[in-house]
Amino acid sequence: MRLDSLEAVSRGDGPLHRIPAGRKLAAALALVVVIALTPPADPRWYAAAAALLLGLALASRVSPRVLLIRLLLVEPFVLGIAVLSLFQPDGLRVFALILARGTLSLGVMLLLAATTPFADLLDVLRRLRIPSIFITTLALLYRYLFVLLEEVQRMRRARAARTFARSRRLDWRLLGDVAGRLFIRSTERAERIYAAMLARGWR
Amino acid sequence: MHVPDGFLDARTAAATGVLAVAGVAVALDQVRRRLPPRKVPLLGVAAAFVFAAQMLNFPVAGGTSGHLLGGVLAAVLLGPAAAVVALTAVLVVQCLLFGDGGVTALGANVFNMAIVATLGGYAPYRLLRGMLRGDRGRIAAAAFASWCSIVFASIACAGELAASRAVAWNAALPAMAGVHMIIGLGEGMITALVLGAVAAARPDLLDDRSPETSLGWRGFLGFGAVLALGLALFVAPFASPWPDGLERVAEMLGFAHRAGDPHLAAPIPDYALPGIGSPAAATALAGAIGALLVLALSIGLARVLVPASAARKP
């Protein structure tokens, strides 16, 4: 799956896509706060939340495969920290509770991301009077993240085309070289972006 | 180290949220005052770079892998306040777009990984930089500081998990700090290698004297207050009664035997050295020995990475 496929998914059309981003964000946050922060409740309550989430996901007309892959990508991290909760009295109950809360909240956020373009979310943040320099940073980060990831892929391909053998020591060096080269290219790109911004009358 | 939703209770989520907002506000204020306008686009592109660099995995002992966090790397390349802003932007996008790190835990994640890691790493970097000169000094200082940043962030994370009663402190601290003392070595290694590559190709990008590399008194006081509050809220309550108070409770409730299970085979088990009376002093001593060892490794790494001819230049 390509990393930027989410952008295409989030620009799709469906009942959830059509809800204004601000309301959707507020609803998602409220749902996560209720799921994650309220005191432990009846297990049936979590089953109800899961049913609601499932219903929303089906109604959204986002491909279930896309949502499932994204869930499985992040779920190991939830599991990894949740395992630590087993090392205490009544650990199994805490573990199950945390896992249910973590997974349900994750589902809510992934559904939000799959039905809302990032530019719309930024617009909501701008209206919330988040300082403009932070919004600019977020926008540039999102704009250039995929460009840089493709740059990494190009560097890896170029390396694979030229090297035959590798050792462990070389691997570390290589990792550092790829990252260092990527930073230099990012800086040069930022210098060109600044020139382009000035040429278009920024400030 | 990204804490998902559901691990923190409302109290901890709210407290870390307030600390994170305060810390980022101080950072934004510093950036507005000190970052030259031509570096504004660099802030965003460098944030994208940190995000991309976090996807480069490196092998950690035991078949697992870790990835770069990049707090110290960003702080050395952009200055501490800009690094806090860049790391915060990375965490916000990871949370909103990829579900990596929870929304209710966003404050905790920003506090641990953008504020504690960046500033807790940049402080030892500046301290060592005053003592070690030249390119070798920069690389040794940055490698050691990167290790510190990861360990500090993991301790803060363990404190928050324990304060929320999601994980017991005597399981959270050894597991989080122990694993991250190893991951921190990888962080130091990559930071050193990247800085070495940048120093070789674009030495002009590494200027210790540009205005954004230091903090004004507002930044110093603001960040200091945020870090001190975090320490008081999430680490001090456990560090002082631990292990005596907690062990007593454990014995009363009859689960003391669990604390004895080593979760990780360490050369200095339970961070306590035999023959020293106070457990707190022994823990501190064990930590100090570990840190000195990593410092020696960092200086050795710098000698390997920077050739002698380059090291003689000021």
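Participant: Any chance you could explain the overall build of chain B here in plain terms?
Facilitator: Within chain B, the secondary structure is distributed over 13 helices and two strands. A total of 314 residues make up chain B; the buried ones form 58% of that total. Carbon and sulfur atoms make up 67% of the accessible area of chain B, which amounts to about 12300 Å² in all.

Participant: It is not clear to me how the overall build of chain A should be interpreted in this structure. Could you clarify?
Facilitator: A count of helices and strands for chain A gives eight helices and zero strands. Going residue by residue from the N terminus, the α and β elements of chain A occur as α-α-α-α-α-α-α-α. Taken against the 2.2 N^0.38 rule, which gives 17 Å for 203 residues, the C-alpha radius of gyration of chain A at 21 Å runs more than 25% over that of a compact globule. Its C-alpha atoms give chain A principal-axis dimensions of about 55 × 50 × 30 Å. Taking all 203 residues of chain A together, 43% fall into the buried category. Partitioning the contacts of chain A with sequence separation of at least 6, the portion at a separation of at least 24 is 74%. Surface exposure of chain A reaches about 11300 Å², of which carbon and sulfur atoms provide 63%.

Participant: I'm lost on helix α2 (residues 40-53) of chain B in this one. Help?
Facilitator: The α-helix winds at 3.6 residues per turn, so residues separated by three or four positions along the chain end up facing the same way. When the terminal C-alpha atoms of α2 of chain B are compared, their 20 Å separation across 14 residues agrees well with the 20 Å that a helix rising 1.5 Å per residue should span. Counting buried positions along α2 of chain B yields 14 of 14 residues, so the element is predominantly enclosed.

Participant: Got a minute to help me understand unusual backbone geometry in this structure?
Facilitator: With the exception of glycine, most residues fall at negative phi, and the peptide bonds are largely trans. The phi dihedral of Arg61 of chain A falls on the positive side, at around 65°, and the residue is not glycine. With respect to the helices and strands, the residue Arg61 of chain A is situated in the loop between α3 (43-59) and α4 (64-82). Classification of Arg61 of chain A as exposed rests on a relative accessible area of 61%. Residues other than glycine seldom take positive phi values, yet Arg165 of chain B does so here, at roughly 60°. Note that Arg165 of chain B resides in the loop between α6 (134-163) and α7 (169-201).

Participant: Help me out: how do you make sense of the side chain of Thr12 of chain B in this one?
Facilitator: All names here are of chain B. Mapping Thr12 onto the fold places it in helix α1 (residues 10-34). The class of Thr12 is buried, set by a relative accessible area of 2%. In this view, Thr12 contacts Glu160, Ala163, Ser164 and Phe234; residues no more than four positions away in its chain are not counted.

Participant: Just checking my understanding: could you explain the state of the cysteines for this structure?
Facilitator: Disulfide: a covalent bond formed between the sulfur atoms of two cysteine residues. All names here are of chain B. For the structure on display, the rule yields zero disulfides over all chains. Left unpaired, Cys95 is separated from the closest cysteine sulfur, that of Cys157, by 15 Å. The class for Cys157 is buried, based on a relative accessible area of 0%.

Participant: Got a minute to help me understand a nonpolar patch on the surface in this structure?
Facilitator: Residues and elements named next belong to chain A. A surface patch of nonpolar side chains, amounting to about 220 Å² of accessible area, comprises Leu79, Val83 and Phe87. By the secondary structure assignment, Val83 is in the loop between α4 and α5 (91-115). The class for Val83 is partly exposed, based on a relative accessible area of 37%.

Participant: Please clarify how the packing of aromatic side chains should be interpreted in this entry.
Facilitator: The relative placement of two aromatic rings is captured by the distance of their centres and the angle of their planes. Residues and elements named next belong to chain A. With the rule as written, the count across this model stands at seven aromatic pairs over all chains. Taken together, the ring pairs connect Phe118, Tyr142 and Phe146 into an aromatic cluster. For Arg143, the ring lying beneath its charged end belongs to Tyr144, and the centroid distance is 5.0 Å.

Calculation criteria
- Residues numbered from 1 in each chain as written.
- Chains lettered and ligands numbered in written order.
- Predicted model: local features only at pLDDT ≥ 70, side-chain atom pairs only at ≥ 80, totals over all residues.
- Heavy atoms only, no water.
- Helix = DSSP H or I, 4+ residues; strand = E, 2+ residues; numbered from the N terminus.
- Buried < 20%, exposed > 50% of the residue type's maximum accessible area, 1.4 Å probe, protein only.
- Areas by Shrake-Rupley, 256 points an atom, 1.4 Å probe, with all protein chains shown as cover.
- Rg over C-alpha atoms; globule rule 2.2 N^0.38 Å.
- Contact = heavy atoms within 4.5 Å.
- Expected span 1.5 Å × (residues − 1).
- Disulfide = S-S within 2.5 Å.
- Patch = residues over 30% accessible without salt bridge, like charges linked within 9 Å, V, L, I, M, F, W, Y side chains within 5 Å.
- Salt bridge = Lys/Arg side-chain N within 4 Å of Asp/Glu carboxyl O.
- Phe/Tyr/Trp six-rings, centres within 6.5 Å; stacked < 30°, edge-to-face > 60°.
- Lys NZ or Arg CZ within 6 Å of the ring centre and 35° of its normal.

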